[in-house]
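Coordinates in review
Next come the chains, spelled out residue by residue.
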Amino acid sequence: MAEAAIKVKNVWKRFKLYNDVIIEVVHPFFDVERFIKVNANLSASNVVFVGTHWPTKGILFLPKIFKLVRKEVRDVKFYVLGSKTRYTPWLRKMSLTMDGFYVIGYRRPELYFKQSCILLHPAIYDAFPVVVLEAMAAGLIPIISDRTGSAEILKEYYGKLVLRLDPELISEKIIDILTMSLDEKVELSQKIRKKALNPLFRKEFSINKFRKSFIKILR
């Protein structure tokens, strides 16, 4: 305990050395034209995850969340996309015991966005995953953890689409969304889509802001 306390104290000292440094935030951009052409299938009981298969992305929670949702929504399907890691074999092993849980691997996400209603991103930590913006632009309804940087653009949805990292809570919200009327899902999807189309996430805006921010810090 004493050793841990010393480490925390040393980290705090280092933080205090830098806590008056200028910090500029520049949001990432994404290919808006590529994903605005995609239309999510809001009638489908399909959930898609896109991310490298690392624990920080929340992949270890996916089987449990799927099982909880499956108890209430019998036709639900989970599509797990993303680059392979040493955890992928474990995911594939889990998929063999669960009908409807598919570990796809690395693919262009548009095909699965077209088949899905929800993007799930239960990250333990993720700075600002662009896939959340891509899915929003495609019309999917995102359900993400509050440890995901993308949560800042969904502030009014805290407790609704942005949730604390709890598999049971997340599964309950997925069930809520999948069992909503189509009209309700369409209305929510349209509101979310508009957020992703904010000029803030356009290439020109992002690059220009980065350039200005970099010069500001140098000065």
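Above this note sits the structure.
Source: prediction; values computed, not measured.

Comments concerning the overall build of the protein chain
- Of the regular secondary structure elements, the protein chain holds 9 helices and 6 strands.
- Taken along its principal axes, the extent of the C-alpha atoms in the protein chain is 55 × 50 × 30 Å.
- Here the protein chain, with 219 residues, has 46% of them falling under the buried criterion.
- The long-range share in the protein chain, meaning contacts at least 24 apart out of those at least 6 apart in sequence, stands at 71%.
- When the accessible surface of the protein chain is split by element, carbon and sulfur atoms take 56% of a total near 12500 Å².
- Here the protein chain carries 38 positive and 22 negative side-chain charges, and the mean point of each set is 6 Å from the other.

Focus on helix 6 (residues 130-137)
- Among the 8 residues in helix 6, 7 count as buried, and that is most of the element.
- Among the residues of helix 6, those classed as buried are V131, V132, L133, E134, A135, M136 and A137.
- Buried residues belonging to helix 6 abut helix 2 (32-36), strand 1 (46-50), helix 5 (110-113), strand 4 (118-121), strand 5 (141-145) and helix 8 (182-196).
- Of the residues flanking the end of helix 6, it is G139, one or two places downstream, whose phi is positive at about 95 degrees.

Some thoughts on the sheet that holds strand 2 (residues 77-81)
- Overall, parallel pairing links the 6 strands, which are arranged 3-2-1-4-5-6 in an open sheet. At either end of the open sheet lies a strand with only one pairing partner, and these are strand 3 (101-105) and strand 6 (162-163).
- In the sheet, strand 4 pairs with strand 5 via 4 bridges, with the strands oriented parallel. Residue pairing across strands places H121 opposite I144, the latter belonging to strand 5.
- Each of strand 1, strand 4 and strand 5 is contacted by helix 6, which is oriented at about 170 degrees to strand 4, the strand it contacts most.

Structural notes on the pattern of salt bridges
- Under the defined criterion, the tally for this structure stands at 9 salt bridges.
- Note that K57 is salt-bridged to D126, the shortest N-O span being 2.9 Å. Taken together, the residues span a long stretch of sequence, with K57 in the loop between strand 1 and helix 3 (62-70) and D126 in the loop between strand 4 and helix 6 at a distance of 69 residues. For the pair K57 and D126, one class covers both residues: buried.
- Within the structure, one salt-bridge network assembled from shared partners comprises R34, R108 and E110.

Concerning the nonpolar core
- Core analysis: the largest hydrophobic core is formed by 61 residues, its most contacted members being F113 and I174.
- At 6 residues, the largest contribution of residues to this core is made by helix 6.

Digging into the pairing of strand 2
- Within strand 2, 4 of the 5 residues are buried, which leaves it mostly tucked inside the rest of the structure.
- Of the strand pairs in this sheet, strand 1 and strand 2 are connected by 5 bridges, and their pairing is parallel. Note that in strand 2 the partner of V48 across the bridge is Y79.
- Here 4 bridges tie strand 2 to strand 3, and the two strands are oriented parallel to one another. Paired with F78 across the bridge in strand 3 is F101.
- With respect to chirality, the unit in which strand 2 leads through helix 4 (residues 88-95) into the neighbouring parallel strand 3 is right-handed.

What about the side chain of S116?
- Along the polypeptide, S116 turns up in the loop between helix 5 and strand 4.
- Residue classification places S116 among the buried positions, given a relative accessible area of 0%.

A word on the environment of P142
- Position of P142 relative to the elements: it lies in strand 5.
- When the C-alpha positions of P142 and S189 are compared, they lie 9.1 Å apart, and in sequence the two are 47 residues distant.
- In this view, P142 contacts L119, V132, M136, L154, L161 and I192; residues no more than four positions away in its chain are not counted.

Conventions adopted
- Residues numbered from 1 in each chain as written.
- Predicted model: local features only at pLDDT ≥ 70, side-chain atom pairs only at ≥ 80, totals over all residues.
- Heavy atoms only, no water.
- Helix = DSSP H or I, 4+ residues; strand = E, 2+ residues; numbered from the N terminus.
- Buried < 20%, exposed > 50% of the residue type's maximum accessible area, 1.4 Å probe, protein only.
- Contact = heavy atoms within 4.5 Å.
- Areas by Shrake-Rupley, 256 points an atom, 1.4 Å probe, with all protein chains shown as cover.
- Lys, Arg positive; Asp, Glu negative; His and termini not counted.
- Charge placed at Lys NZ, Arg CZ, Asp CG, Glu CD.
- Pairing = 2+ DSSP bridges.
- Axes fitted to C-alpha atoms, helices over the stretch in contact; angles between N-to-C directions.
- Salt bridge = Lys/Arg side-chain N within 4 Å of Asp/Glu carboxyl O.
- Core = buried A, V, L, I, M, F, W, Y, C linked by side-chain atoms within 4.5 Å.
- Right-handed = clockwise from strand over helix to strand, strands pointing away.

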